[in-house]
Each structure stands twice: as structure tokens, then as C-alpha cells.
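# Summary of the model geometry
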Amino acid sequence: MTLDERHRPRRVDLPHRAGPSRRPPVEHAAWIFYAIAALGSTIGQIWVGVQIPPWPDTLHWWWRAAFVAPFAIVIDLGGAVTAAFADWRQRLGEAAYGWRTLSAATVTVGVTTNIVGHADVAYLAVVFGGLGVFAYAIWLMHSAARRRDALRASGKLADTAPVYGLTQWWREPAVTRRARSLALAQRLPLHQSLALARQQLCDEKRRSALAAHVERLIRSRHDDPVRADIAATTLDLDAVAADLTAHADVTGWARVIGADLLPPPMPMPMPAAGGDVDADAERDIVAVAGPMPPADVLRRVPQDQASYDRWRQLWADLKADPDTELAAFAQRHGISLRQVQWIRRTGASGLLDSPLTLIDRIAQLATTNGHAPHHPASPS
């Protein structure tokens, strides 16, 4: 197995949906419930037909029921038959508005007959009217489920997506929406679809921001707005952003940022009066302080005494208030922000601790052969 195959999202073969010949046992219960509910609605309509119309008194009730029964049965079966025709046409891709409207109107007539006919007894109105609505609802949901199964088996309907839950939808709606699309398109399981959706959204956000900066850079290279529009619209900014992301020196940027986050080195030890610095103490301090100051810091130290004293004064102010804003400090002393940064780096390196300039200290050490000069003791 190659590396790409190991990291490629795993496709999951979902179980085959039950076709017309493999119906679950619950469908038999649905038919039983529908038959009982439809029979109850029909009985209620026959009851209304026996009592409400002005029949002759000599006509017995069973004759009345025999005359009314066909119409009641036709009303209940008409709703189911027209709904079946609508379901058949919908499987062929039609809307079937006519059949659906006729079916709903037929059921409405039957339910209204039961409710109005038994208005004097609330219980009977609710029972017989509710049975008609219940029977029709079972028929519609059952036929809709069979239609979806048939369309899905023929490849005309998308498969069902994983259930992500209300908590996931509330916490990450955009991620969940993308994961659902990916799961349907690539047949991915729940967790892999969520992980791939998060990765895609992060990549798109990064490429979009980078493409906006690239477009701004391209437009800044042209003074003519027409040429700027042509250059910005001709290039595939997303492709440029993707290529920049692929060739970005992540390690180099991490090294540069990490160098700025290092603590400032400790100042070098000054030699004791009359002798060299202890070798063991020097090794300990160098091990703690780290390497010598960089060459760019050494080159920035002023060589004339006036500028050097000015830097020492500014460094003393910075040390006295380390939380001060560098921009405000530079504006207050009439210098640039870059110069304040160099003063802070130079002072943190210990190069502004001595009252003598760096050149004077080097010359003094050269004349004394590396030893601190001996000053004659005063008569006092």
C-alpha cells in the first residue's frame, strides 16, 4: 500500500436498501393500521348517512346503510387511489399536482362529513374524524417512503447522509454542512467527513486571504488602473496562493520568529580591579548568557562619546520603565522607532553598561594587554 493510499479517505459501502421484494416486517403493520383506520372512518360516514338524511320512517336502518355504504367506501378509497396515482407519477419525475389536489380534497370531504355529522357528540366527532386523518397520513408517509426507496435503488435519489446530531449542527454549522455534502459525494463516514470538512474550510480561508494580498500586490505594480485590472483578473489568484503555500519556507520563518522570542543575553562580566576575570566564573556566565551579541548589534553602537552617552541615557530610561510603548518613547525623544529598537537590543547585550565607548574600551584593553588599568591611589 502506498503512502497516498494510506492517507486517502476511506470509502464506506453502505448497506443495500431493501428493494420491493425485501420489505421490512413493519410494512405489514402499516397496512393493518391503515385498514383499521380507513374502516373506522367508513363506519363513521355510514353512521352519519343513516341518521342525518331525511329517510322515510318505513325504511329500515340496514337499507339506509346499504344505500350509503358505497358512497362512504368510495370517498375513503378515493383518497388512497388518487394518492397512489400521484405517487406513481412522482416516481416518473412529475409533480402530479392534480392527483395530489384531488386526493387531499377527497379526504377532506370524508373527514368533514364525520366531524359535522357527529358534532352533537364530541367524542364521536374526534374519533371518526381522527381515524380519517390518521389513515390518510399513514398512507402518504408509507407511499413516500416506498417512492424514495425506488428512486434511490434506480440511482435517481441521493443516499442518506450520516446523522450528525443537533449539538454538532449548533456548534459547527458550516463544517457540518460541508461534511454532509462530502459524505454524500464520497460516501465517507461521520468522523472522516467532519475532519475533511474542517481541513477544506481552513485551506479555503487561508487561500482566500492570501489571494487578496496577492491581488493587492499585483495592482500596486501598475499605475494604470486598466492594466492593474487586466493583470489581477488574468492570473488565477487561487492557483498563485496555492503555489505560494506549497513553496513557503515554514522552517525558516519559525527560526526567525523563534530568534525574536529568545530572552536577551546577560551582560559580560567586568574584570575585577587588579586582575583578570576568574576563568570558571567566566565560563559559567557565558554558559548562562549564551553567544556573543550579533555583529549587526556591534556595528550599531555609536563610536563618538556624545552619541554613546545619549544612547546610555535613553537605555536607562527604557530600563526604568520596561512596559513603555516604543512608539510613544520614540516620539517623546524625537527619534525613530527603529532606533529605539536598536538601543534596546544594544543595551540588553550589555554594550551600554560602561561609560566608555566600545572603541575606547577595546583600545584600553589593548594597551593594558587584556588587564584592567591600575589607577594610582589618591593621597587620601
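What you see is a predicted model; the values in this text were computed from it and never measured. (Residues numbered from 1 in each chain as written. Predicted model: local features only at pLDDT ≥ 70, side-chain atom pairs only at ≥ 80, totals over all residues. Heavy atoms only, no water.)

Along its length, the protein chain carries 17 helices and zero strands. Burial status across the protein chain gives 28% buried among its 380 residues. Across the protein chain, every contact between residues at least 6 apart in sequence was considered, and the portion connecting residues at least 24 apart equals 59%. (Helix = DSSP H or I, 4+ residues; strand = E, 2+ residues; numbered from the N terminus. Buried < 20%, exposed > 50% of the residue type's maximum accessible area, 1.4 Å probe, protein only. Contact = heavy atoms within 4.5 Å.)

On inspection of all chains with the given rule, the structure shows two cavities of 30 Å³ or more. The calculated volume of the largest cavity comes to roughly 120 Å³. Lining the largest cavity are 14 residues, and of these Asp76, Val107, Gly132, Ala135 and Tyr136 lie nearest its centre. Mapped by element, the contributors of at least two residues to the lining of the largest cavity are α2 (26–51), α3 (61–91), α4 (97–117) and α5 (122–153). When its residues are assigned to classes, the lining of the largest cavity shows nine nonpolar, four polar and one charged. (1 Å grid on protein atoms, 1.4 Å probe; cavity = no way out; pocket = protein on both sides within 12 Å on 5 of 7 lines; lining within 4 Å. Points joined across faces, edges and corners; volume = space filled by probe spheres on them. Nonpolar A, V, L, I, M, F, W, Y, C, P; charged D, E, K, R; others polar.)

Looking at where arginine 180 falls in the secondary structure, it is placed in helix α7 (residues 173–186). Sequence separation of arginine 180 and alanine 161 is 19 residues, and the distance between their C-alpha atoms is 6.0 Å. In this view, arginine 180 contacts Ala161, Tyr164 and Trp169; residues no more than four positions away in its chain are not counted.

Using the criterion set out here, one finds five aromatic pairs in the structure. Pairing tryptophan 47 with phenylalanine 128 gives two aromatic rings, centres 5.9 Å apart and planes at 70°, and the pair type is edge-to-face. Here tryptophan 47, found in helix α2, pairs with phenylalanine 128, found in helix α5; they are 81 residues apart in sequence, far enough to count as distant. Owing to a relative accessible area of 34%, tryptophan 47 belongs among the partly exposed residues under this scheme. The exposure class assigned to phenylalanine 128 is buried, which follows from its relative accessible area of 8%. Note on tryptophan 63 and phenylalanine 67: the rings are 6.4 Å apart at their centroids and 35° apart in plane angle, and the pair reads as tilted. (Phe/Tyr/Trp six-rings, centres within 6.5 Å; stacked < 30°, edge-to-face > 60°.)

Further remarks concern a nonpolar patch on the surface. A contiguous nonpolar surface patch, about 750 Å² in accessible area, is contributed by Ile73, Leu77, Val81, Phe85, Trp88, Leu92, Trp99 and Leu102. No other element matches the five residues that α3 contributes to the nonpolar patch. Positionally, valine 81 belongs in helix α3. (Patch = residues over 30% accessible without salt bridge, like charges linked within 9 Å, V, L, I, M, F, W, Y side chains within 5 Å. Areas by Shrake-Rupley, 256 points an atom, 1.4 Å probe, with all protein chains shown as cover. Salt bridge = Lys/Arg side-chain N within 4 Å of Asp/Glu carboxyl O.)

Residues Trp315, Leu318, Ile335, Val340, Ile343 and Leu352 are the most contacted members of the largest nonpolar core, which totals 16 residues. Taken together, the elements giving at least two residues each to this core come down to α14 (305–320), α15 (326–333) and α16 (337–348). If you tally residues by element for this core, the top one is α14, at five residues. Ignoring sequence-local partners within four residues, the contact set of leucine 318 consists of Thr324, Leu326, Phe329, Val340, Ile343 and Arg344. (Core = buried A, V, L, I, M, F, W, Y, C linked by side-chain atoms within 4.5 Å.)

Right, let's get into the side chain of serine 103. Summarising the element assignment, serine 103 is placed in helix α4. One polar contact links the side chain of serine 103 to the main-chain carbonyl oxygen of glycine 79, over a distance of 2.8 Å. With residues near it in sequence (within four places) discarded, serine 103 still touches Gly79, Thr82, Ala83 and Tyr136. (Polar contact = N/O pair within 3.5 Å; in protein donor to acceptor, adjacent residues only side chain to side chain.)

Here α15 crosses α16 at 105°, and the two axes come no closer than 9 Å. As judged from the angle between their axes, α15 and α16 are roughly perpendicular. On α16, the residues that touch Leu326, Ala327, Phe329 and Ala330 of α15 are Leu337, Val340, Gln341 and Arg344. Its residues assigned to classes, the contact of α15 with α16 comprises six nonpolar, one polar and one charged. (Axes fitted to C-alpha atoms, helices over the stretch in contact; angles between N-to-C directions. Parallel < 35°, antiparallel > 145°, perpendicular 65-115°, else oblique.)

Now for the side chain of asparagine 114. Structurally, asparagine 114 is set in helix α4. A polar atom in the side chain of asparagine 114 sits 3.0 Å from the backbone nitrogen of glutamine 45. Those residues in contact with asparagine 114 that sit more than four places away from it in its chain are Ser41, Gly44, Gln45, Ala125, Phe128 and Gly129.

Attention now moves to unusual backbone geometry. Of note in the backbone geometry, alanine 96 takes a positive phi value of approximately 55° without being a glycine. Mapping alanine 96 onto the fold places it in the loop between α3 and α4. A relative accessible area of 11% means that alanine 96 is categorised as buried. The phi torsion at arginine 187 lies on the positive side, around 55°, for a residue other than glycine. By the element assignment, arginine 187 lies in the loop between α7 and α8 (190–220).

With that out of the way, let us pick up α8. The end-to-end C-alpha distance of α8, which contains 31 residues, comes to 45 Å, matching closely the 45 Å that a straight helix rising 1.5 Å per residue would cover. The set of residues buried in α8 consists of Ser193, Leu194, Leu196, Ala197, Ala211, Val214 and Ile218. (Expected span 1.5 Å × (residues − 1).)

Such coordinate-based values are descriptive only and should not be taken to indicate function.
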